[in-house]
Structures are given as structure tokens and as C-alpha cells.
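Given next are the chains, with one letter for each unit.
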Amino acid sequence: MKLLLIGPPGVGKGTQANFLIEKYNIPQISTGDMLRENIRNETSLGDEAKKYMDAGKLVPDEVILNMINDRLNKHDCNNGYILDGFPRTIPQAKGLDILLGKLKQNLDSIVVMKISDSLIIKRLSNRRSCKECNKVYNLIFDPPTISNKCNDCSGNLYMRDDDNPKTIQNRLNVYHEQTEPVIDFYHNKKITKEINADGSIMEIKNNILNSLSK
Ligand code: AP5
């Protein structure tokens, strides 16, 4: 199963990708997670990406396409993958088409997740992640059992640098301007499933799994 998850920042792509990893036994490929790992490891790519990410802007297409090229050529992608947060621009979508052509692969489904900007702001300003294992929580919708501690590994929880009100607004503007056209780009492929992502985590999970089984 080769899947693509598209939606605004904070719509729940990462949260739902975790269920899809389990269901289909395929890796999640999140460009955001890959960039944050580079920042943590203080690589030159991470140093460059951080400037864009902190401002809520997109990292240049060429950097992202090189990263995806390396990742899709790894053996664990042979049986499929979940692309999360990529492609985010038309040049990235066209670059992915070329790459898939070289790999003799096709996408099976594109899941488009939709919610209002006001709900996005509520979800992102209350998101917390574990410093140790990266598990994601929400102080309102999915809180940890013990305040500020990860349920799985007891690691401390932190707020992402780009989850402040100004950067969230910039990310939303960038989404409307540069990523929404990617949804139109894929409509012709007739493998798009549109999901209303305003609901509980488990409701959205069931809606996505149902849409993929059709
Ligand atoms: P990235 O890391 O991809 O961030 P994003 O797209 O902004 O998405 P998020 O990870 O913030 O949200 P999500 O949809 O995964 O939501 P989550 O499941 O965490 O990108 C960060 C930056 O990196 C970009 O701004 C850009 O600079 C750069 N970048 C990355 N990819 C790039 C690319 N391809 N090209 C160029 N630049 C790129 O959920 C959010 C919160 O809501 C959590 O607290 C969660 O618990 C909660 N939640 C989830 N579902 C529900 C629900 N149903 N009900 C209630 N709460 C929910």
C-alpha cells in the first residue's frame, strides 16, 4: 500500500499515520520528522531547514526532493509507505511523479484531511511531544496520564518551536497558498479520498480505514 496523507498543519496526519503503520505494516515517511531529526543531529541540512521551519515557511523543494529520493530507495519501502507532509508544492508533486516513474511505482490512495483553521489553532497550541520517543499528545483532546510525562517512556513533554500563534498562522497561510493546489493536482488521478477530520481521533481513524477498504 502506497499512501499519501495531505492536510493542513495539525489536522492529525501524524496521529493517523501511526494507525496506518500498524494496519499495513509499512513505514511512515514524514518530511517534518526527518527535518527535525537533522536539526537534533546538528547537520548542515538541519541548520538550513531550521530557519524556514521557525518562520513557518517551506524548506526549498530541491532539499526535500533529495531527501525523499534517498528515503524511497531504501529496502523498507519496497512493500509500501505512508507519505506524511509531502508533497506540499506543485514542484514537489511533479518531482514525486518522476521519482515514482523511475521506481516503477504508483500511489494507491491519497487521503485528504480537512478541518477549519480555528480547530487547527486549538489542536496545535495544545500539542505536546515526548522528548525521548516523540509520541504526540494534546493537553485538551489526548492528555498524558501524568502531567508533562510520556505515558510510554516517562520522558518529558515539550512544545514544538513552530507551535506558537504567529508561526501557526504563517504555516496555515503557506498551506492555503502552496499546498491546497496540490490537492487539485491529484484530483485527476481519481484515487483521492476526502475525510472530514473534525471528530475524535478514533472516529477519524475508522473513517480513514473504511475509505481505504473501498
Ligand atoms: P510538519 O512536521 O510536516 O508539520 P505540519 O504539516 O505542520 O503538520 P504537523 O506535524 O504539525 O501536524 P499533523 O497533521 O501531523 O498533526 P498531529 O497528528 O501532530 O512540518 C513542519 C515544518 O517542516 C513545515 O512548516 C516546513 O517548514 C517543513 N516541512 C516539512 N515538510 C516539508 C515539505 N514537504 N516541504 C517543505 N517544507 C517542509 O496532531 C496535532 C495535534 O492535534 C496533536 O496534539 C494531536 O494529539 C491532536 N489531534 C490529532 N487528531 C485529533 C483529533 N481527531 N481530535 C482532537 N485532537 C487531535
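See the structure printed just above.
Since this is a predicted model, take the numbers as computed values, not measurements.

Each value, and the rule that gives it
- Position labels on residues start from 1 in each chain and follow its written sequence.
- Under the rules for a predicted model, residues below a pLDDT of 70 receive no local features and side-chain atom pairs below 80 are neither given nor counted, while totals for whole chains, interfaces and linings still include all residues.
- Side-chain figures throughout are based on the complete set of non-hydrogen atoms in the structure, without hydrogens or water.
- The helix and strand labels rest on DSSP assignments: H or I over at least four residues marks a helix, E over at least two residues marks a strand, and numbering proceeds from the N terminus.
- Residue burial is assigned from relative accessible area. The probe radius is 1.4 Å, only protein chains are included, and a residue is buried under 20% of its type maximum, exposed over 50%, and partly exposed in between.
- By definition in these notes, contact holds between two residues if any of their heavy atoms fall within 4.5 Å.
- Calculation of accessible area relied on Shrake-Rupley with a 1.4 Å probe; when residues are assessed, cover is drawn exclusively from the protein chains displayed.
- All tallies of charge rest on Lys and Arg as positive and Asp and Glu as negative; His and the ends of each chain are not included.
- Charge positions are represented by NZ for Lys, CZ for Arg, CG for Asp and CD for Glu.
- If even one non-hydrogen atom of a residue comes within 4 Å of a molecule or strand, that residue is called near it.
- Whenever a nitrogen or oxygen atom comes within 3.5 Å of another N or O atom, the pair is scored as a polar contact, on the condition that within protein one atom can donate a hydrogen and the other can accept it, and that pairs from neighbouring residues in sequence are kept only if both atoms are in side chains.
- Throughout this entry, Asp, Glu, Lys and Arg are counted as charged residues, while Ala, Val, Leu, Ile, Met, Phe, Trp, Tyr, Cys and Pro are counted as nonpolar. The remaining residues, Gly among them, count as polar.
- Note on aromatic pairs: the rings of Phe, Tyr and Trp (six-membered ring only in Trp) are paired at centre separations within 6.5 Å, and the planes decide the class, stacked below 30 degrees, edge-to-face beyond 60, tilted for the rest.
- Pairing between strands requires that DSSP locate at least two bridges from one strand to the other.
- Helix axes are fitted to C-alpha atoms over the stretch in contact, other axes to C-alpha atoms as well, and angles between N-to-C directions run from 0 to 180 degrees.
- Lining residues are defined by having an atom within 4 Å of a point belonging to a cavity or pocket. Those points lie on a 1 Å grid over the protein atoms alone, cavities being sets where a 1.4 Å probe fits but cannot get out and pockets being open sets with protein on both sides within 12 Å along at least five of seven lines.
- Grid points are joined across faces, edges and corners, and a volume is the space filled by probe spheres set on the points.
- Our angle categories are set so that under 35 degrees counts as roughly parallel, over 145 as roughly antiparallel, 65 to 115 as roughly perpendicular, and the remainder as oblique.
- Should the near helix be turned anticlockwise from the far one by less than a right angle, the crossing is left-handed, and should it be turned clockwise, the crossing is right-handed.

Some thoughts on the overall build of the protein chain
Helices and strands together make up the secondary structure of the protein chain, namely 8 helices and 8 strands. Taken over the C-alpha atoms alone, the protein chain extends approximately 45 × 40 × 35 Å along its principal axes. Counting every position in the protein chain, which comprises 214 residues, the buried fraction comes to 44%. Contacts spanning at least 24 positions in sequence make up 69% of the contacts within the protein chain whose residues lie at least 6 apart. Total accessible area on the protein chain stands at roughly 11,300 Å², and carbon and sulfur atoms take up 47% of it. In the protein chain, which carries 30 positive and 27 negative side-chain charges, the distance between the mean positions of the two groups comes to 3 Å.

Things to note about the site of the ligand
Taken together, the neighbourhood of the ligand is formed by 35 residues, with T15, K57, R88, R127 and R171 sitting nearest. Backbone polar atom of G14 to an oxygen atom of the ligand: 2.8 Å apart, as the coordinates give it. The separation between an oxygen atom of the ligand and a polar main-chain atom of Y137 is 2.8 Å. Relative to its unbound accessible surface of 1,000 Å², the ligand loses 96% to contact with the protein. Sorting elements by how many residues they give to the shell around the ligand places helix α2 (residues 31-40) first, with 4 residues. Per-class residue counts for the shell around the ligand are 15 nonpolar, 11 polar and 9 charged.

Observations concerning the packing of aromatic side chains
Across all of its chains, the model carries 1 aromatic pair by this definition. Here the aromatic rings of F185 and Y186 are separated by 5.2 Å at their centres, their planes lie at 80°, and the arrangement is edge-to-face. On the basis of relative accessibility, which here comes to 22%, the residue F185 falls in the partly exposed class.

Considering the sheet that holds strand β3 (residues 81-84)
Ordered in space as β2-β3-β1-β4-β8, the 5 strands form an open sheet in which the pairing is parallel. Two strands lie at the open edges of the sheet, namely β2 (28-30) and β8 (192-196), each paired on one side alone. Between one strand and the next, the sheet's axes are offset by a mean angle of 20°, whatever the strand orientation. In the sheet, strand β1 (residues 2-6) pairs with strand β4 (residues 109-114) via 4 bridges, with the strands oriented parallel. Bridging across to β4, L3 finds its partner in S109. Against the sheet, helix α1 (residues 13-24) engages β1, β2, β3 and β4, with an angle of about 180° to β3.

Side note on the pairing of β4
In regular strands, side chains alternate between the two faces of the sheet. With 5 of 6 residues buried, β4 lies mostly within the body of the structure. Looking at chain direction, β4 and β8 are connected through 5 bridges and run parallel. The residue of β8 that forms the bridge with I110 is T192.

Points about the layout of surface pockets
Space inside the second largest pocket adds up to approximately 300 Å³. Lining of the second largest pocket is provided by 13 residues; of these, R36, I39, Y158, R160 and D161 occupy positions nearest its centre. Breaking the lining of the second largest pocket down by element, the ones donating at least two residues are α2 and α3 (44-54). Here the residues of the lining of the second largest pocket sort into 4 nonpolar, 1 polar and 8 charged.

Here's the deal with the packing of α1 against helix α8 (residues 201-213)
At a minimum axis separation of 10 Å, α1 and α8 run at an interaxial angle of 50°. With respect to α8, the element α1 is oriented oblique. The hand of the α1/α8 crossing is right-handed. Between α1, through T15, Q16, F19, L20, K23 and Y24, and α8, the contact on the second element is made entirely by I201, M202, I204, K205, I208, L209 and L212. Considered class by class, the residues forming the contact of α1 with α8 number 9 nonpolar, 2 polar and 2 charged.

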